[in-house]
Amino acid sequence: MSTRLSQLFVRTLREDPVDAEVASHRLLVRAGYIRRQAPGIFAWLPLGLKVRAKIEAIVRQEMANAGAQEVLFPALLPREPYELTGRWEEYGDGIFRLKDRKDADYLLAPTHEEVFTLLVKDLYSSYKDLPLSIFQIQDKYRDEARPRAGLLRGREFSMKDAYSFDYTDAGLDVSYQKQRDAYERIFTRLGLEYVIVQADAGAMGGSRSEEFLHPTVVGEDTFVRSAGGYAANVEAFTTEAPPARSFEKLTPAEVLPTPDSPTIATLVAEANERHPRPDGRAWTAADTLKNIVLGLTHLDGTRELVVVGLPGDRDVDLKRAEVAFAPADVEPATEADFLAFERIPDRPALVKGYIGPWSETGAFLGEDSATGIRFLTDPRVSEGSGWITGANLAGHHVFGLVAGRDFATDGTVEVAEVLAGDPAPDGSGPVELARGMEIGHVFQLGRKYADALGLKVLDENGKLVTVTMGSYGLGVTRVLAVIAEANNDEKGLIWPRNVSPFDVHVVAAGREEIVWEVAEALVDSLEGAGLDVLFDDRPKVSPGVKFGDAELIGVPVIVIVGRSAAEGTVEVWNRRTGERTSVAVGDVATAVAAIG
RNA sequence: CGGGGCGUAGCUCAGCUUGGUAGAGCGCUCGGUUUGGGACCGAGAGGCCGCAGGUUCGAAUCCUGUCGCCCCGACCA
């Protein structure tokens, strides 16, 4: 096949579009792959569609390898299935809803678990039909609060979503592994670096969940990884508790005056000045126990105050807190929360800046304490660890307060921020923090949807069993953007060969008749060799413009037919390395094939 | 939802402070000259200056309101 640039529906832009910040967005628009229609919604031009189709082809091959069959659901769906699982409400403002002429509710599907489940229920009723894996490549619609970065977070995006159906947990493990393997092959073929991180399975009720993240500074997720191979989303990171220590040699706790020390920084300074450590080492923030009051809003609307205690050198990571307290909503306690607490009879006052689990009159925090406020601590607050913390008395802290001896907790909680250098929970060394973009997610859903929608089959014993499911998402248009993000330079895009819109970009540079004759013949022969050729045949366009467009469009191999055409040679230009070599016309196909 | 910025030609922008009825570059059309790194000359097409009120003899410009967009944050399977 070949396409003449003079005929291709495209217009490249000389300047960067003003609304594009990240490289992939900027370049895909500039090079004429996509055009914005509305925030987070894009039209696809021929170049963009060709790349998209190549990515889809790779995905389809690997889905077939994994034994999944392709189906296609509409993007426009009725309300009922989503009503059955509660997601019509749960999604809130996150979905596009619409009504038909009879005032019936519809939505543009944000994801398709429900209808996949219902279709299987419709067709299958025996264990003999399982396992089953089916998938589609379909557009999803989410009314994002803030679409950003072009294709990286859109309101309309293409996703490959696969679902597996098994009637045993062991079967689900096998199906899950097949998809997981397929993802590894897909991203490897696409040349995309990826890290598989443990994800939070949380509110979805699943048992196993892993995300494929592509490390990139424009990524939206923060994850951690260790040199020893541990990787996890920060939401899923767990902290190893130090071993319990004996209390025996520890000195008793002591209340000391610390006026004007409502913050950790002032407390540490004051402690070092007025109450230096007996061993001569300086107090640090990590020696203090910071007690943060959080306000939880439970699903039934009730409000609960919770205090979390964590080492003073760490802040609460609200994303981790959301996971820890799911499904409740979490926010720092508000003034209204403190006022409401004050109005409860027979409760001691919370002294801001001096809150702690212990007071001279007994336990202050915890379900069985004077306040009755639930008190959870970071795993580092292990039995036998000693702390400086608030004495619930303005201007006073208690020093040497020992967990398990002087105060008790209602349990541990993972809400502290993760810092670079923290030890990985599997002992594989200290972790580093990195940014990543989620490009795939494999997820053992378990029986949540099958339960809600009544998907059961008869097993070998003639008993009805609920099917267990997995869901496996891969953002096709996001992957396209991520590839563009990872493969460009200041001149434009540089596609990997197997997703490039064309195999080779032939540029005719020069006005001599011979240039055009040689170029035409070359295009024919490359086509004959099975290559998909983009031919810049524009007659009155200067070479500089053609070279610039070729670099912008990003086909990895460019062939320049120009001043040496008469001698039967052309230049083969490796877009990625910039290297240009003179090649006899007859050897071009071989030279092109040699460039990955 | 909070913070910041911006709406003038297809694109990137100037003009607004100090009101006088629309500009540049690129792109596009026609003619000619050019042709290995975004050429040049000449002639053109193209804008309800986001929208609605108001002030004024007169508003892109001043005032009020409104809508929209972009960026950062919150949120997000």
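What counts, and where the lines are drawn
Residues numbered from 1 in each chain as written. Chains lettered and ligands numbered in written order. Predicted model: local features only at pLDDT ≥ 70, side-chain atom pairs only at ≥ 80, totals over all residues. Heavy atoms only, no water. Near = heavy atom within 4 Å. Polar contact = N/O pair within 3.5 Å; in protein donor to acceptor, adjacent residues only side chain to side chain. Helix = DSSP H or I, 4+ residues; strand = E, 2+ residues; numbered from the N terminus. Buried < 20%, exposed > 50% of the residue type's maximum accessible area, 1.4 Å probe, protein only. Contact = heavy atoms within 4.5 Å. Axes fitted to C-alpha atoms, helices over the stretch in contact; angles between N-to-C directions. Parallel < 35°, antiparallel > 145°, perpendicular 65-115°, else oblique. Left-handed = near helix turned anticlockwise from the far one by under 90°. Nonpolar A, V, L, I, M, F, W, Y, C, P; charged D, E, K, R; others polar. Pairing = 2+ DSSP bridges. Core = buried A, V, L, I, M, F, W, Y, C linked by side-chain atoms within 4.5 Å. Domains from an automatic or database assignment. Salt bridge = Lys/Arg side-chain N within 4 Å of Asp/Glu carboxyl O.

(A) Structural view of the protein's contact with RNA strand B. Near RNA strand B, the surroundings consist of 42 residues, among which Arg142, Arg511, Glu551, Glu571 and Arg580 are the closest. Considering RNA strand B, the proportion of its atoms within 4 Å of the protein that are sugar or phosphate atoms stands at 52%. A distance of 3.5 Å separates a base oxygen of RNA strand B from a polar atom in the side chain of glutamate 144. In this structure, a base nitrogen belonging to RNA strand B sits 3.3 Å away from a main-chain N or O atom of valine 545. When contributions to the surface near RNA strand B are tallied by element, the ones reaching two or more residues are β9 (156-166), α13 (543-553) and β32 (569-574). Sort the elements by how many residues they give to the surface near RNA strand B and α13 lands first, with 6 residues.

(B) Spatial organisation of the side chain of arginine 30. Within the element layout of this structure, arginine 30 appears in helix α1 (residues 23-30). On the basis of relative accessible area, arginine 30 is assigned to the buried category, the value being 17%. In contact with arginine 30, not counting residues within four places along its chain, are Arg11, Thr12, Leu13, Arg14, Glu15, Asp16, Pro17 and Leu552.

(C) A look at the packing of helix α2 (residues 46-65) against helix α6 (residues 169-189). Running from amino to carboxyl end, α2 crosses α6 at an angle of 150 degrees, the nearest separation of the two axes being 9 Å. Considered as vectors, α2 and α6 are oriented roughly antiparallel to each other. Crossing of α2 over α6 shows right-handed handedness. Contacts from Ile58, Val59, Gln61, Glu62, Met63 and Asn65 of α2 reach α6 at Gln179, Ala182, Tyr183, Arg185, Ile186 and Arg189. Grouping the constituent residues of the contact of α2 with α6 by class yields 6 nonpolar, 3 polar and 3 charged.

(D) Highlighting the sheet that holds strand β21 (residues 386-393). Spatial strand order, β14-β22-β21: 3 strands in an open sheet with antiparallel pairing. In the strand order of this sheet, the two ends are held by β14 (254-257) and β21, each with one partner. Averaged over all pairs of adjacent strands, the angle between strand axes in this sheet comes to 30 degrees, irrespective of strand direction. In the sheet, β21 pairs with strand β22 (residues 396-402) via 5 bridges, with the strands oriented antiparallel. Paired with glycine 390 across the bridge in β22 is histidine 397.

(E) Inspection of the sheet that holds strand β31 (residues 557-561) at higher detail. Spatially, the 6 strands line up as an open sheet ordered β1-β30-β29-β31-β32-β33, and their pairing is mixed. Edge positions in the sheet fall to β1 (2-4) and β33 (580-584), since each of these pairs with one other strand and no more. On average, each strand axis in the sheet is tilted by 25 degrees relative to the strand beside it, whichever way the strands run. Note: strand β29 (residues 504-508) against strand β30 (residues 533-536), 4 bridges, orientation parallel. Opposite histidine 505, over in β30, you have leucine 534 as the bridge partner.

(F) How the structure looks around the nonpolar core. Of all hydrophobic cores here, the largest spans 57 residues; its most connected members are Tyr33, Ile55, Phe187, Leu190 and Trp495. The element that contributes the greatest number of residues to this core is helix α11 (residues 476-486), accounting for 7 residues. There are two domains that each give this core at least three residues, and those are domain 1 (49-75 + 109-237 + 433-485) and domain 3 (502-594). Other than its neighbours up to four places away in sequence, tyrosine 33 contacts Leu28, Ala43, Trp44, Leu45, Leu47, Gly48, Val51, Leu493, Trp495, Pro501 and Ile553. Formed by 24 residues, the second largest nonpolar core is a distinct cluster that contains Phe116, Leu132, Tyr163 and Val467.

(G) Seen up close, the pattern of salt bridges. In this structure the tally under the stated criterion is 39 salt bridges. For glutamate 220, the salt bridge is made with arginine 148, and the minimal N-O distance between the two is 2.7 Å. In this pair, glutamate 220 is assigned in the loop between β11 (208-215) and β12 (221-226) and arginine 148 in the loop between β8 (132-141) and β9, connecting sequence segments 72 residues apart. For arginine 497, the salt bridge identified is with aspartate 503, shortest N-O distance 3.8 Å. What makes aspartate 503 buried here is its relative accessible area of 14%. A single salt-bridge network, built from bridges that share partners, covers Arg52, Glu56, Arg60, Glu70 and Asp139.

(H) Geometry of the packing of α1 against α11. Where α1 meets α11, the closest approach of the two axes is 8 Å, and the angle between their N-to-C directions is 100 degrees. Our classification of the angle between α1 and α11 gives roughly perpendicular. Residues Ala23, Ser24 and Leu28 of α1 form the contact with α11, whose own contacting residues are Leu480, Ala481, Ala484 and Glu485. A class-by-class count of the residues in the contact of α1 with α11 yields 5 nonpolar, 1 polar and 1 charged.

(I) Spotlight on the domain arrangement of chain A. With domains assigned, chain A is organised as domain 1 (49-75 + 109-237 + 433-485), domain 2 (254-402) and domain 3 (502-594). Computed from C-alpha atoms alone, the centre-to-centre distance between domain 1 and domain 2 is 40 Å.

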